[in-house]
Amino acid sequence: MTKFSENFEEALDLDEDEIEGGLTRDAKTLDETDFNDLHIRFVSNLKVRSTVPKVEISYFSNSNVEDAKGDILKFEDGEVKWDHAIPGHQHPTDGIVFLHRIEDLRSKLGSNDNRKAITAAYSAGYGLRSIISRKLGVDSLDIQCSVTMSQRFVQLIVHDADVGGAGLSHAVYQDLEDFLWETRASLDDCVCSGFCEQCLLLPRTPSYIIEEGLLNRFDGLKFLSD
Amino acid sequence: MQTTTFLSYFLSQLGRDMKEFGAGKVLVFSNRRGDAEGVGSLMIKLDYSLESERMMVSLLEEQDDDQFYSVSNLREDLYEELKEHYVKQPYTYLEDETLSQGLFSQLGALANPLDKGNHRKLWDAGILSVRPESENDEINLLANEIVKILAFKPHTDLDQSNSIKIDSLKSKLSNSVPTYFDSAPDLDAKLDEALSVLEQADIISRERERSSDEVVTILTLRRNFLELNVQREARVCEFCYSGWPFWDRSYCPDCGEHLVEVDRDSYDQVESDQGEYSLDHWGKVVLGHGVDPLVSAVHKAGIKTDTRNKIEEGFGANPPKINVVSATNTLELGIDIGTLDCIAGLGIPPTKTSYVQRAGRTGRSLDQSSMVFTVARPHNAVDNFYFEDIESRFLNAPSKPVQINHLNYDILKTQVMSEVLTYLNLNDLDYGRFERFQTGQDIDEVINEVYDGVEALLDTVDEHQDSIKEHLEGAFKSDKEDLEQALEDLFESPSEVKQRVLRRLFKFYTTFRALENETGQGAQGLRRRRVIQEEILQELEREVGYLPMLLSSAGMISQYRSTEDSVALFREKESETDSQVHLSYESKSVSQALRESYPEAMDTYGGVDYEVVSAQVSRDEIFSTSVCTNQSCTLPYNEYPDLEVCPLCGDDLEEISVHEYLGAVLKSSRSRKRTRPLIMRGVDF
């Protein structure tokens, strides 16, 4: 029987397949559809990524931002050699990807400001999370969203928070139109001036989302409309 | 002032009041683990330090004319007393090495009257001083100043602490001392006199050393012979608040401002132009009350069962052994902690249900009123939003419904895993062979045992495949195909069970190897120091010596919320008492560990600050992406995989290559460094 640790060097030089293989699964688009100006995909094995690229270090009132240096242990000719890289991790989960063409969104919002486009996507995401948690009877923290931009699209991903997925986004995708119409209605019918806990504000919303004004029900509504 | 600091001061006082007027129990809830840990640690830092000062003063005042306390003796007696009050009484017998070592080391520092961080203020306020050795008070004052410099001021010119070159001492004194005396040129003579008085009393030693061309005189403080005095009367400066024993003039020797004579036995306020105020606040706080220790603890996820039980037991007792508990929502429901006087909340709770649960922990007795208060953090946008209209947005808002998650394939797999183990156990298929591994004397042995045990598990499942399948079909209503797929994924080559267990061991090994490097000890060296080996082995045995636990930490059996992978953290701490290095091993979920133990991070555990000295990452990149590193951008550190410039601020994006985080080595630290991780979160497909 193979010993796991004949010695340290062998343990660290384990065949990569034995350590990583089979655990990183490829993302798979299971279905696609359209809703108004949105192109929507249901994807399994999305990669949720988290990393700490920089660290802010302060001594009393002085502070500066430095690279986060994780150590890589290497053995060369029986000696330990150090190398550095940024630490992070990723895990698979299921989710729904919403793609909106930037040009179309700009004309709907009446502004070329990318910040407004991002606000629209975040607001639609938070509105949808709120409706999902109400309709499925789950905690809004169990479903998360993420916004980014590419050359042509503003991309909103609404995904299960749990590692491996918890079946929530699958349930949402089954009745996607209902969820989207209800989100639109909730954003449209609300009486607040921009956002409130009835439409967009969720427990543990990160402070920067509110401070930077990235929640606005009117912009969110436009993201989901014709 | 930071909210946690404010809350810690406030809770100290509240805890004391409650001891007097109620059951003596205060529970504080925080929404985040870090906040609970912060409030708890600050409570310990502030309150234990204050009480140690009161105990120190009372010990010193008990001394009679024949038997004086030297710094070393005082430290020993005080340490025993602190241990009795803060560890032995509340916890009786505590198995959690990390927590008890953390507390012991902190108490060790608090017991030292010359500890710079904790007790310097006693000397600055003139509450503690040296015993007068001369008839002349000017000489006594100078001797006191010399001891303060030797004990507290940093001496960069020499390596050893409590030593200084005589020239450096003179230059440090000359900053303020000329104002001490009417005739400054006299200083050298008086300094010599003060030094010889101290030397005669064996408080300092004078040595001559040759350094390059010149001979230098080095003064060293001898703690064993330094005897201390408590000053009930002193002159305190109205401007800089320094206290001056052995000084009878009307101006401050340091800043020249007016001095006021204070009597610390009376609680009188000082009259001034701005009205009445307590000029000598610190003196009154320390000398105005008797000893009144308040025990506080942190209750959160991730602490050991033993510690958790002790805290609940101590807090639940009547009268309580622990007075203030800082908790996350771990104490929100399900645990009976009896009558509480007060519930405090840091931040608006995440949901109204959670608020009702927290508040419901108190107010259980009709004849006694209780208090519930919530601190809305001024810098928190979400708290501010609710606080603006707390009635309609929070208190009177309808509650959110209960949560139920739906099953999916990954969850099914963890259920199948549990069911297979149950089957093997019930049918006596040599389950004992791989349920508990012989952990042996050596880390290599442990790892090999586990490896062999997992192979044996796979072989057994293979042998009884058909009957297991039959059992599963009876146990689950799921699709037959799904069940077979789950079984194949878990146990057939490449078996996910084997891969994930190997991954745990791999992470452990990599980080352990980094630890050897950090401590400058090879594996052989660490092995020789049995104490270290045993401490890690004990922890490791708990985690990998028992198959269900091992599979759970590898994400193969569903824990409460998630099947997330864990990483290995090693904490290294030098004991204050026996100068041994103690090590503990902790396994933590990868996302939480990355948030708290990233490179350079300062992390608090059991009231002790730790610094990450090495964060381990895999050799291979797991992904690379482009992020905006402009801190003033609307979304700093957001990722844009397909772009070159940030669409929000127009700055060039930075391409980063990310490697998998495997674990970290942490060392206890007194550094004043503070760190904040700049986190990137994203989703890719």
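Everything numeric in this text was worked out from a predicted model, so none of it was measured.

Analysis parameters
Residue numbering note: each chain is counted from 1, following its sequence as written. Just so you know, chain letters begin at A and ligand numbers begin at 1, following the order they were written in. Owing to the predicted nature of the model, reporting of local features is limited to residues with pLDDT of at least 70; listing and counting of side-chain atom pairs is limited to 80 or more, with chain, interface and lining totals taken over all residues. Helix and strand assignments come from DSSP, with helices taken as H or I runs of at least 4 residues and strands as E runs of at least 2, each series counted from the N terminus. By the criterion used throughout, residues are in contact when their C-beta atoms, derived from the backbone, lie within 7 Å. Exposed residues have 12 or fewer other C-beta atoms within 10 Å of their own C-beta, buried residues have 20 or more, and residues in between are partly exposed; the C-beta atoms are placed from the backbone. As used throughout, a nonpolar core is a set of buried Ala, Val, Leu, Ile, Met, Phe, Trp, Tyr and Cys residues joined through C-beta atoms within 7 Å of each other. A pair of strands is labelled paired if DSSP reports no fewer than 2 bridges between them. Lines fitted to C-alpha atoms define the axes here, with helix axes fitted over just the stretch in contact, and angles between the N-to-C directions of these axes take values from 0 to 180 degrees. Oblique is the label for any angle not under 35 degrees, not over 145, and not in the 65 to 115 range, which are roughly parallel, roughly antiparallel and roughly perpendicular in turn. Polar here means any residue outside two lists: the nonpolar Ala, Val, Leu, Ile, Met, Phe, Trp, Tyr, Cys and Pro, and the charged Asp, Glu, Lys and Arg; Gly therefore counts as polar. Here a crossing is called left-handed whenever its near helix is offset anticlockwise from the far helix by less than a right angle, and right-handed whenever the offset is clockwise. Confidence of the predictor at the level of single residues is captured by pLDDT, which takes values from 0 to 100.

(A) Inspection of the overall build of chain B at higher detail. Within chain B, the regular secondary structure consists of 23 helices and 21 strands. Relative to all contacts within chain B whose residues are 6 or more apart in sequence, the contacts with residues 24 or more apart total 66%.

(B) Local environment of the overall build of chain A. Helices and strands together make up the secondary structure of chain A, namely eight helices and seven strands. The burial tally for chain A puts 44% of its 226 residues in the buried class.

(C) Inspection of the nonpolar core at higher detail. Core analysis: the largest hydrophobic core is formed by 133 residues, its most contacted members being Ala121 of chain A together with Val450 of chain B. For this core, the element with the most residues is helix H4 (residues 114-136) of chain A, which contributes 11 residues. Counting residues in each nonpolar core, the second largest holds 87 residues, with Leu42, Met56, Val197 and Phe315 of chain B among its members.

(D) Main features of the sheet that holds strand E12 (residues 296-299) of chain B. All names here are of chain B. Spatial ordering of the open sheet is given by E12-E13-E1-E14-E15, a layout of five strands whose pairing is parallel. Each end of this open sheet is capped by a strand with a single partner; those strands are E12 and strand E15 (371-375). Here the strands of the sheet are splayed against their neighbours by 15 degrees on average, with no regard to which way each runs. Bridge analysis of strand E14 (residues 342-346) against E15 gives five bridges, and the strand direction is parallel. Along E15, the bridge assignment pairs Ala344 with Phe373. Along the sheet face, helix H2 (residues 33-62) touches strand E1 (26-30), E12, strand E13 (324-327) and E14 and points at about 165 degrees away from the line of E12.

(E) A look at the pairing of strand E5 (residues 214-221) of chain B. All names here are of chain B. Bridge count between strand E3 (residues 163-165) and E5: three bridges; the pairing is antiparallel. In the sheet register, Lys165 faces E5, and the bridge partner there is Ile218. With eight bridges connecting them, strand E4 (residues 204-211) and E5 associate as antiparallel partners. Each residue of the ladder has a partner; that of Ser211, found in E5, is Glu214. Count of turn residues in the E4/E5 antiparallel hairpin: two residues, of which Ser212 carries a positive phi of about 45 degrees.

(F) A look at the packing of H4 of chain A against helix H8 (residues 217-224) of chain A. Residue and element names in this part refer to chain A. Running from amino to carboxyl end, H4 crosses H8 at an angle of 85 degrees, the nearest separation of the two axes being 7 Å. Considered as vectors, H4 and H8 are oriented roughly perpendicular to each other. For the pair H4 and H8, contact is made by Lys116, Thr119, Ala120, Ala121, Ser123, Ala124 and Gly127 and by Arg217, Asp219, Gly220, Lys222, Phe223 and Leu224, respectively. When grouped by side-chain class, the residues that make up the contact of H4 with H8 number five nonpolar, four polar and four charged.

(G) Region of the structure containing the sheet that holds strand E7 (residues 233-237) of chain B. All names here are of chain B. Taken in spatial order, the three strands line up as E8-E7-E9 in an open sheet, and their pairing is antiparallel. Each end of this open sheet is capped by a strand with a single partner; those strands are strand E8 (243-244) and strand E9 (259-263). Sheet topology places E7 next to E9; five bridges connect them, and they run antiparallel. The residue of E9 that forms the bridge with Cys237 is Leu259.

(H) Summary view of the interface of chain A and chain B. Taken together, the contact between chain A and chain B spans 81 residues of the former and 87 residues of the latter. Considering each element in turn, the side of chain A that touches chain B owes the most residues, 15 residues, to strand E2 (residues 38-59) of chain A. Residue composition of the side of chain A that touches chain B, by class: 38 nonpolar, 25 polar and 18 charged. In this structure, E2 of chain A lies alongside strand E21 (residues 673-684) of chain B, joined through 11 bridges in antiparallel fashion. If you follow Ile57 of chain A over to E21 of chain B, its bridge partner there is Thr675 of chain B.

(I) Spatial organisation of the packing of helix H1 (residues 3-21) of chain B against H2 of chain B. All names here are of chain B. Close contact between H1 and H2 brings their axes to 9 Å; oriented N to C, the two are set at 55 degrees. In this view, H1 runs oblique relative to H2, as classed from their interaxial angle. In this structure, the crossing between H1 and H2 has a hand that is right-handed. Contacts from Thr4, Thr5, Leu7, Ser8, Tyr9, Leu11 and Ser12 of H1 reach H2 at Asp35, Gly38, Val39, Leu42, Met43, Leu46 and Asp47. When its residues are assigned to classes, the contact of H1 with H2 shows seven nonpolar, five polar and two charged.

(J) Inspection of unusual backbone geometry at higher detail. All names here are of chain B. Here the residue pair Asn318 and Pro319 is connected by a cis peptide bond, since its omega of 0 degrees sits within 30 degrees of zero. Inspection of the secondary structure puts Pro319 in the loop between helix H10 (305-316) and E13. One non-glycine residue, Asp202, lies in positive phi territory at about 65 degrees. In this structure, Asp202 sits in the loop between helix H8 (187-200) and E4. For Asp202, a count of 12 C-beta atoms within 10 Å puts it in the exposed group.

(K) Molecular detail of the confidence of the model for chain B. Summing up the model confidence of chain B, the mean pLDDT is 80 and the portion of residues at 70 or higher is 87%. This model gives residues 401-406 of chain B a pLDDT under 50, and the stretch forms 16 contacts once residues within four places in sequence are excluded.

(L) Focus on the environment of Leu114 of chain B. Residue and element names in this part refer to chain B. Along the chain, the position of Leu114 falls in the loop between helix H4 (97-110) and helix H5 (116-124). Considering only alpha carbons, one finds Leu114 and Lys148, 34 residues apart in sequence, at a separation of 8.8 Å. Once residues within four sequence positions are removed from consideration, Leu114 is found in contact with Val71, Ala151 and Arg223.

(M) Here's a closer look at the confidence of the model for chain A. Residue and element names in this part refer to chain A. Per-residue confidence for chain A gives a mean pLDDT of 86; residues scoring 70 or more make up 86%. Of the regions scoring below 50 in pLDDT, residues 4-9 engages in 13 contacts with residues more than four places distant in sequence or in other chains. Taken together, the stretch residues 17-22 has pLDDT below 50 and engages in 11 contacts with residues farther than four places along the chain or on a different chain.

(N) How the structure looks around the environment of Leu142 of chain B. All names here are of chain B. Inspection of the secondary structure puts Leu142 in helix H6 (residues 137-152). What makes Leu142 buried here is the crowd of 25 C-beta atoms within 10 Å. Residues Leu142 and Lys190, 48 residues apart in the sequence, show an inter-C-alpha distance of 8.1 Å. Leu142 has contacts with Lys190, Leu191 and Ala194, leaving out every residue within four places of it along the chain.

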